[in-house]
Every structure is written in C-alpha cells, then in structure tokens.
Protein chains: 2
Amino acid sequence: MFGIEICNSGSFMILKTPQESFRFHAIWLRDNALDETTRDPLNGQKLITLQDIPKNIRLDAAVIQGDEILCTFFPENKIIRYPLEWLLDHSYDGKKENRAIKTSLDKVLWDKNLEKSVPTDNISELESKPDSLKKWLFDVHRYGFAKVSGMTGIPGDIFRIVDLFGYVRETNYGRHFEVRNKINPVNLAYTGLALQAHTDNPYRDPVPTLQILSCIENTAQGGESMVIDGFKIAMLLYDEDPQSFSFLANFPARYSYNEPKNVSLHTKKPMIELGPDNELICIRFNSRSSAPLLDVPFNSMEKYYKSYRRFSELVDDHRNQVTFKLKPGEAFIVDNTRVLHSRKGYSGGGKRWIQGCYADKDSLLSKLRTLEK
Amino acid sequence: MFGIEICNSGSFMILKTPQESFRFHAIWLRDNALDETTRDPLNGQKLITLQDIPKNIRLDAAVIQGDEILCTFFPENKIIRYPLEWLLDHSYDGKKENRAIKTSLDKVLWDKNLEKSVPTDNISELESKPDSLKKWLFDVHRYGFAKVSGMTGIPGDIFRIVDLFGYVRETNYGRHFEVRNKINPVNLAYTGLALQAHTDNPYRDPVPTLQILSCIENTAQGGESMVIDGFKIAMLLYDEDPQSFSFLANFPARYSYNEPKNVSLHTKKPMIELGPDNELICIRFNSRSSAPLLDVPFNSMEKYYKSYRRFSELVDDHRNQVTFKLKPGEAFIVDNTRVLHSRKGYSGGGKRWIQGCYADKDSLLSKLRTLEK
C-alpha cells in the first residue's frame, strides 16, 4: 500500500511505498505538471515558463486515486494528476550528491581483452534489421567503438554507415576525406607515418563526436588500426594518482591546426573534461596538434607535464590497445569524445586508402532510444 | 638588452627583458621546439610524442644570438633556436592561477543599449569585401550576434550566410527548417505563440553553436525578434548572488525533445557551463524543452529553483533585451552557446515565414583568423 503525507506547510510531500519513501517538492511537481495547459499534449513541449508559477506555490492536498496521485496546488487551486509510476521513475530524493570522479554507469570500460570480441555487424543486417541495428548502436554507446563489415569496398561506403542513424558533420576537410599518401600533405594523417593514438580535431569546438573510417584498399605492409578506451586510461590514471588526473582536468590545454590562407583552428580545452558532477565527458589527446600550453602556471608546469607523460604512456601501453587490420569493405566508428584511434606506419609495394568522415552522437543516441521504445 | 640565466640544474631558464623576466621550463621548451624534426615544416604538425623526449631533459646552455635564443638540451645534445618574439608571445610565466568566474576578454557583454547600434552588414558587401566580412565576423565573435541585410527574401537566402564562413550542421530538422504556423506542430516554434527567449536545442550534444534565422515574409502583427546576452545575465546573477549562480553551474539540468517514432533527444547538462578555469563557456536555457530535474539533491532543490527563477526573470527583463522586426531579405545569426533569442507572438491577417539553420563556430572563428592574418 502507498501513503502520502504533506509536510512543511505544503512545500513538499512524502510518497511512501512499502519499501521506501520519496519526497517531492511542490515547485518541482508544479513545474513538471503533465496537464495540457502545462505541456502541449501533441508535442510534449512545456507551454509555461517558471514565472507562470506563483512564487508562493504549495501543496494544499494530495490523494491517491487508483494508480495516480492528485495534487492540489495553492494559490492556483489547480489539481494535477501524476501517475504513480511516473513519479517513482522521476524520483530525485535519496540521491546523494556524488562529486566523485566517475564515468556514466551505462558505459563499459575496456582494454586489450575486447580484441577477442570486437563489437561488429554486417552492413546489410544493420540496414534491414532494426534489432541488429539496436544492438550495434548500443555497442557504440557503451564501448564507444564498433566495426562494420560486408560493404562493397567502393568509395562512398562510408555514407551507408552515417545513414544508419544520422548526419555528416561537414568540416574544412569536406563531407568526407581521403586518408592516403599525399604529396605535401596538409595533415600527417595523409602520409605513411605511424600516428600515436589520438582523438581527432581537438582544435575544433565543438569537437566532432563521432568519426568513421572505412577501408577501400589496404594491401600495404603495416597500416593496422588500433583503438584505446580513453575513459579507461583516464580512470587508470586517477586510480594511480588522483593529483596527476586533476592536473589534466583542471587546466586547459591548447590545440591548433593551420593551413596557409584557409584554415586557422585553435582551442583552449582540457585533456580530460569533466561535467559539473565530475562525470568524465570528453578526452582530448593529440600529439600532432598540441599547441604550447599557456594556461598552466609556472609552478604547476612540471607536474602538468609529468601527468601528461603518464597519460601518454598509458596510451602507448599495448595492454590498453585493441588492434585489427581493416579489409576493403570494412569500417569502424569511434566515439571521438572517448575512444582514441591510431594506425601503425605502413610502406611497401601495396596501397592503403581509407575514407573518413565525422558525425555526431546526438542523432545516434536518438536513433538508439527510438529503437528501444 | 636581454639576458638569460639557467636555473635549478637546467630545469628552467630565465629570459630577462629590460622590463620583466620570464621563466621557461626545459620540458616546455623542448616539447615546443620549432625545428624540422619536432614540427613538420610543411604543415606545422608535431612529429614527436612526449615519450620521444627524455624524462631527464634539461637545459645545458642558452645563448642569445641576434633575435634568437639558442638552447642546448641534455641528454639529446640538441640545439634548438627560438625567436625571441615567439618566446615573449608564448610566455606562460607570471600568469596567476585565475579561478574567478569570468568571460573571455575578447567578448563584449551587452544589454538593451546595443539596440541603438546593432552590428549589421549587407550580404553583397560581406560576399565581396574581405574587410567587411572580417568586421562582421569579429562582431559575431565579440557580441555573439549580428544581422545581415540586402538579401532577396527568396527561400534559400540563408545558405548565403553560412557560405560566408562554414558549413551547415544538419539535424533531424533538416539542413534548414521552416519556422511558420503548422497544423499539429512537432515544435511550438511552428505556431504563432510567443516564445520565451531561449537557446536552441539544449537537448542536443553537442549543441549547435550557431543559429541563423532568415526572413522570407513578415506581415503578421507582432512576431518581432529579440536577443539577449546570456553571458551578461549570468554575470548579473553572479554579481547579485554568487551562490545562486553556483547552483545553476554546479548541478546538471535535463533537457529533452521527442517526436513519436523518429526522435528522442535527451541531455544532462548544466544551465551555466564553466570551463576548468571557471570561464563561462555555454548557456543552456529553454523552458519548452526543460525536462524534470533529476540530479539536484532534495536539500538543494528549492534553492536551485530560486536561482532558476531569478535567471528566468533576468531573461524576461526588458533592460536586457534587444528587439527588432526582421523584414524580408534580412537575417540574424546568434552564438547559440551564449545568446538567447525569441520572438513575440503573432496573429492577424498577415504571414510570418522564417527559415532557420544551424552551423558551428569553429569554422567561423577560423575564417575570422585567416582574414586577420
């Protein structure tokens, strides 16, 4: 049986279930009223602003009626119905203020062991079977990484992947870009050099939140791809030495990318970005485009570099790396706010031609949620 | 005259100018070496990682030669040349750790007084004269807002504005969207209702950092546009009551937008977002798409709502609002991480038809910097 009690002159109520009690404030309840004058019944958008709610709002009465609670608000004398289930789903009581460094609970952190079971699916499955797509999108969400196989290996395959969930983020590199040896390359990606694992475009704000790399040709010696869970190694650093972690989180770094005449991109952003509740939200790590640090005070600079070096060592530690060699018709996607990627150096008689593009996570997560409903 | 001194067993040097002294660490100098084995001379990207620099790096010698400083590093026995001017431009010494709440110095905060001198230019000027474009882009950068006039008033004008500097951010609303009365609107924007000033799409991550609204028709009664400097009102709130400010900065809010079957966008982001150095970097305020707060502990909820209400009052305070009515062929752009916009309700016999689209600031700032060079 459920019970209700109004407390503190109507400023909040207590909803008592057989197991627990949940408190809800009058202002919170009124702001989140589900009636058609508060929320548009067609599109669910809120029709009122906070000023439409009286400052002295309080609960005059609350009664249980079937599986709903009917709240009467003073001074509006308005009765609003809340499904019990909705209230229990949206309870904010009992949540302790948790300012510990953490990753979101729905992310699964990983290391080299993921190599044995790399999340992957076939493009035709993904295009035709919503359940397969849901599973693959969920993998991208929780691991920040997944592969796709079974494409034609013809230029343009890459857009079939973006079309599964969203939209290309166009940049100065185009709607897509060709990763292969070039003469006078504007970016070291367009050479045969090995690249240290990195997140792309930390010199861009907002950073592209997804990157896709799709293989057209890969007969060169070397050129294997590699991915690393940046959240995992950030948490490794934190567990080893919280102070080291805090240097990379509490001071902005600098990143830049320039092309003569055309492009001049500069950012001031931390290597490890935390949300206001100290949830890890973005890793920016890219040795090629790191610019001189200007925002670390003199007395902290050597300690900052020590932390930065340790992070860089964790990036280069094979125990954190998942390695694979893309074949024509294969691709992979990374959450570019979390997962670092790299390729080994390549040379020899063969060729390596990868197409890349950027997209954003909002539409990917939106697609996942609509499939889950 | 300049002087140099090596200190603390070569861990840093002091560069003495007639006015001041600047310290530079060996590790910082080595990491930012400008020679062709450290940075690619063609594209300027860094060729080494931090692990390529010995852990025990130190300065063995430093001498001034003309307008350069030659540093010899142990144990590499490597000599690197640094232009004096470059060193002075990149000095990090003497910068106090500044964790005060602040906005970037290159932003100009504004209120209703900007109405007398709204930054604006003609599209033909902007398309043909780099100096005019530079001025206009600089205005968008420092005010977070500018108008454009002199377009045809034909659908599609809006892309002329994006083409000045960058790329459209495509979303579930399309490459662009039509803001006018619709039957069964998925979004209240597509009605004649007044909308409280807001930033767009706080339910998206990353949020679109620029929005453009371009007028095709506006003969309806009402329908004026209005913009508000979100950084200005956040700083007003901070000056009034730092604790109120901290509630909105230190707890995540929730935003959501849903369309049956197709769209399910949800975020957990603060209304006032600060960088690691407490620089104001993003405002999210949108009554229509605010979702129930779930991350504010019970004991803080009433104080949070008090702060939220005060911020909402500042949004509605006419002293902060710049109002204008768009004519066909006119448009405006806002920095959607900073400037709130709204429109007054409209009705009557006339029509109102606005086209909107999103873009991102990175390319706008890049274009501005290349024009400034």
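Please refer to the structure higher up on the page.
Given the structure is predicted, the values throughout are model-derived calculations rather than measurements.

Peer 1: Can you help me understand the relation of the copies chain B and chain A in this one?
Peer 2: Both copies of the chain are related by a screw-like operation: a rotation about an axis and a shift along it. In the superposition of chain B on chain A (RMSD 0.0 Å, axial shift 0.0 Å), the rotation amounts to 180°. The relationship between the two copies is best expressed as a two-fold rotation axis. A high fraction, 100%, of the interface residues of chain B reappear at the interface in chain A, so the copies pair face to face through one surface.

Peer 1: Just to check I follow, could you spell out the pattern of salt bridges for this structure?
Peer 2: Any two side chains of opposite charge can pair, given that their charged atoms come close. Using the criterion set out here, one finds 57 salt bridges over all chains in the structure. Put simply, Arg 30 of chain A and Glu 76 of chain A hold a salt bridge, and the shortest N to O gap is 2.5 Å. Taken together, the residues Arg 30 of chain A in helix α1 (residues 26-31) and Glu 76 of chain A in the loop between β5 (68-74) and β6 (78-83) connect sequence positions 46 residues apart. Classification of Arg 30 of chain A by relative accessible area gives buried; the value is 3%. Each member of the salt-bridge network shares a partner with another, and the members are Lys 55 of chain A together with Glu 240, Arg 310 and Glu 313 of chain B.

Peer 1: Whenever I open this one, the interface of chain B and chain A confuses me. Can you help?
Peer 2: Interfaces are frequently sized by the accessible area removed from exposure as the parts join. Listed per partner, the contact involves 93 residues of chain B and 94 residues of chain A. Between chain B and chain A the total buried area reaches about 8,100 Å² when both faces are included, carbon and sulfur atoms providing 54% of it. Together, Gln 45, Phe 298 and Arg 309 of chain B form the three largest contributors to the area buried by chain B at its contact with chain A, with a combined 10%. Taken together, chain B and chain A are joined by ten salt bridges. Here Lys 268 of chain A and Glu 279 of chain B are joined by a salt bridge, their closest N and O atoms 2.7 Å apart. Linking chain B with chain A are 38 residue pairs in polar contact (both at pLDDT 80 or more).

Conventions and cut-offs
Residues numbered from 1 in each chain as written. Chains lettered and ligands numbered in written order. Predicted model: local features only at pLDDT ≥ 70, side-chain atom pairs only at ≥ 80, totals over all residues. Heavy atoms only, no water. Least-squares fit on C-alpha atoms with pLDDT ≥ 70 in both. Contact = heavy atoms within 4.5 Å. Salt bridge = Lys/Arg side-chain N within 4 Å of Asp/Glu carboxyl O. Helix = DSSP H or I, 4+ residues; strand = E, 2+ residues; numbered from the N terminus. Buried < 20%, exposed > 50% of the residue type's maximum accessible area, 1.4 Å probe, protein only. Buried area = accessible area lost by both parts, 1.4 Å probe. Polar contact = N/O pair within 3.5 Å; in protein donor to acceptor, adjacent residues only side chain to side chain.

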